[in-house]
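One-letter residues, chain by chain:
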Amino acid sequence: MSFKISLTGDRPTGPLHLGHYVGSLKNRLALEQTHSSFVMIADIQALTDHYRSPASIQINILEVLYDYLAIGLDPFKTTFLLQSWIPELMELTTYLMNLVTMARLERNPTVKLEIRQKNMEHSLPVGFFCYPISQAADILAFDTDVVPVGEDQLPMIEITNEIVRRFHHIYGEDALKECEPLIGDCPRLIGIDGQHKASKSLNNAIFLKDDATTLKDKVFSMYTDPDHIKVSDPGRVEGNVVFAYLDIFYTDKQHLNELKNH
């Protein structure tokens, strides 16, 4: 029996964090058992906004690979790919660019948010603007059935499937396959600042490689409850980042409820 195909990946712009783990990595582990699994390190896409520091991308290729192995991905079950070693992906990206309008890319909420966060409104590289098409090429080249992603990547899957439908409408060939997203248990993990989702660029995440001292410092810096100044003040669970993380990672739910009531 042939397995269905799973493909996903990460840009090597830094080590992976808990947001990646609950959003996608846990699902990748599960898919190893049921799918032909591919995981790509997207170094070409990393260049779209890190083109001034290619040496850091080379270093982070290994950092990301270490994280994959550390969380338990098995190289005998999952095929690891380096995007730049597969030139056909860039060729396919070029062809697919003709099927997507600039107006469609401008409506992508994930790209719009990243542009604002990176302050690129007036210095936007064309490569970064078009990277959803590159992601679509990666997915379609492998005839992918399922893509384990975080919630912020759903617009990319939507564009990918739109490309498939437009290709079939124009050329009348069933050469490409639509794919389905697989969302993790926690689609969007809040950062330790309590303001934005956990992010490498915002430096508000707990990384998988953090040592015990760094982890403790980050936990103690978490946004909690600004109105809970004294022990006698009533506390609030909603919006408290510590409890947001306990809800996801703490397995003793009875004790967690006791903490919330306290």
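A brief look at the structure comes next. In this text, all values refer to a predicted model and were calculated from it rather than measured experimentally.

### Re the overall build of the protein
Part 1 of the reasoning: Looking only at helices and strands, the protein has 12 helices and five strands in total.
Part 2 of the reasoning: For 262 residues, the compact-globule estimate of 2.2 N^0.38 gives 18 Å, and the C-alpha radius of gyration of the protein, at 20 Å, lies within 12% of that figure.
Part 3 of the reasoning: Judged by the C-alpha coordinates and their principal axes, the protein covers about 70 × 50 × 35 Å.
Part 4 of the reasoning: Expressed as a percentage of its 262 residues, the buried residues of the protein come to 44%.
Part 5 of the reasoning: Of the contacts formed within the protein by residues at least 6 apart in sequence, a portion of 71% connects residues at least 24 apart.
Part 6 of the reasoning: When the accessible surface of the protein is summed, it comes to about 14,600 Å², and 56% of that surface belongs to carbon and sulfur atoms.
Part 7 of the reasoning: One way to put it: in the protein the 24 positive side-chain charges average out to a point 3 Å from where the 35 negative ones average out.

### With respect to the packing of aromatic side chains
Part 1 of the reasoning: All told, the structure shown has five aromatic pairs when counted by the stated rule.
Part 2 of the reasoning: Relative to Phe142, the ring of Phe38 has its centre 5.2 Å away and its plane inclined at 45°; by these criteria the two rings are tilted. Taken as a pair, Phe38 in strand E2 (residues 35-41) and Phe142 in the loop between helix H8 (131-141) and strand E4 (146-149) lie far apart in primary sequence, 104 residues in all.
Part 3 of the reasoning: A residue is classified by how much of its surface remains accessible, and Phe142, at 18% relative accessible area, is buried.

### Considering a nonpolar patch on the surface
Part 1 of the reasoning: There is a patch of nonpolar side chains on the surface, built from Leu215, Val219 and Phe220 and spanning about 300 Å² of accessible area.
Part 2 of the reasoning: Along the polypeptide, Val219 turns up in helix H10 (residues 212-220).
Part 3 of the reasoning: Val219 sits in the partly exposed class, given a relative accessible area of 35%.

### Looking at the layout of surface pockets
Part 1 of the reasoning: Looking at the largest pocket, its volume works out to about 1,200 Å³.
Part 2 of the reasoning: For the largest pocket, the lining is made up of 49 residues, of which His20, Glu114, Asp152, Gln153 and Lys197 are closest to its centre.
Part 3 of the reasoning: If you list the elements that add at least two residues to the lining of the largest pocket, you get strand E1 (4-10), helix H1 (18-31), helix H2 (43-50), helix H6 (109-117), H8, E4 and helix H9 (154-171).
Part 4 of the reasoning: Estimates place the volume of the second largest pocket at around 430 Å³.
Part 5 of the reasoning: His228, Gly235, Asn240, Phe243 and Leu259 are the residues nearest the centre of the second largest pocket, which is lined by 15 residues in total.
Part 6 of the reasoning: Secondary-structure elements contributing two or more residues to the lining of the second largest pocket are helix H11 (241-249) and helix H12 (253-261).
Part 7 of the reasoning: Looking at the lining of the second largest pocket element by element, the count peaks at three residues for H12.

### Digging into the nonpolar core
Part 1 of the reasoning: Within the largest apolar cluster, 15 residues are counted, with the highest numbers of intra-cluster contacts made by Leu96, Leu105, Ile133, Leu140 and Ile163.
Part 2 of the reasoning: Mapped onto this core, the elements with two or more residues apiece are H8 and H9.
Part 3 of the reasoning: Excluding residues that lie within four positions of it along the chain, Leu140 makes contacts with Leu96, Thr160, Ile163, Val164, Leu176 and Lys177.

### Notes on H9
Part 1 of the reasoning: Between the first and last C-alpha of H9 there are 26 Å, a value that for 18 residues agrees with the 26 Å anticipated at 1.5 Å per step.
Part 2 of the reasoning: All of the buried residues along H9 are Pro155, Met156, Ile157, Ile159, Thr160, Asn161, Ile163, Val164 and Phe167.
Part 3 of the reasoning: On its buried side, H9 packs onto helix H4 (87-97), helix H5 (102-106), H6, H8, E4 and strand E5 (180-183).
Part 4 of the reasoning: Gly172 sits one or two positions beyond H9 and adopts a positive phi of about 65°.

### Re the packing of H4 against H8
Part 1 of the reasoning: Relative to each other, H4 and H8 sit at 120°, their axes nearing to 8 Å. H4 and H8 meet at a crossing whose hand is right-handed. Listed contacts from H8 to Leu89, Leu92, Thr93, Leu96 and Met97 of H4 are Ile133, Ser134, Ala136, Ala137, Asp138, Leu140 and Ala141.
Part 2 of the reasoning: Residues that form the contact of H4 with H8 fall into these classes: nine nonpolar, two polar and one charged.

Scoring rules and cut-offs
Residues numbered from 1 in each chain as written. Predicted model: local features only at pLDDT ≥ 70, side-chain atom pairs only at ≥ 80, totals over all residues. Heavy atoms only, no water. Helix = DSSP H or I, 4+ residues; strand = E, 2+ residues; numbered from the N terminus. Rg over C-alpha atoms; globule rule 2.2 N^0.38 Å. Buried < 20%, exposed > 50% of the residue type's maximum accessible area, 1.4 Å probe, protein only. Contact = heavy atoms within 4.5 Å. Areas by Shrake-Rupley, 256 points an atom, 1.4 Å probe, with all protein chains shown as cover. Lys, Arg positive; Asp, Glu negative; His and termini not counted. Charge placed at Lys NZ, Arg CZ, Asp CG, Glu CD. Phe/Tyr/Trp six-rings, centres within 6.5 Å; stacked < 30°, edge-to-face > 60°. Patch = residues over 30% accessible without salt bridge, like charges linked within 9 Å, V, L, I, M, F, W, Y side chains within 5 Å. Salt bridge = Lys/Arg side-chain N within 4 Å of Asp/Glu carboxyl O. 1 Å grid on protein atoms, 1.4 Å probe; cavity = no way out; pocket = protein on both sides within 12 Å on 5 of 7 lines; lining within 4 Å. Points joined across faces, edges and corners; volume = space filled by probe spheres on them. Core = buried A, V, L, I, M, F, W, Y, C linked by side-chain atoms within 4.5 Å. Expected span 1.5 Å × (residues − 1). Axes fitted to C-alpha atoms, helices over the stretch in contact; angles between N-to-C directions. Left-handed = near helix turned anticlockwise from the far one by under 90°. Nonpolar A, V, L, I, M, F, W, Y, C, P; charged D, E, K, R; others polar.

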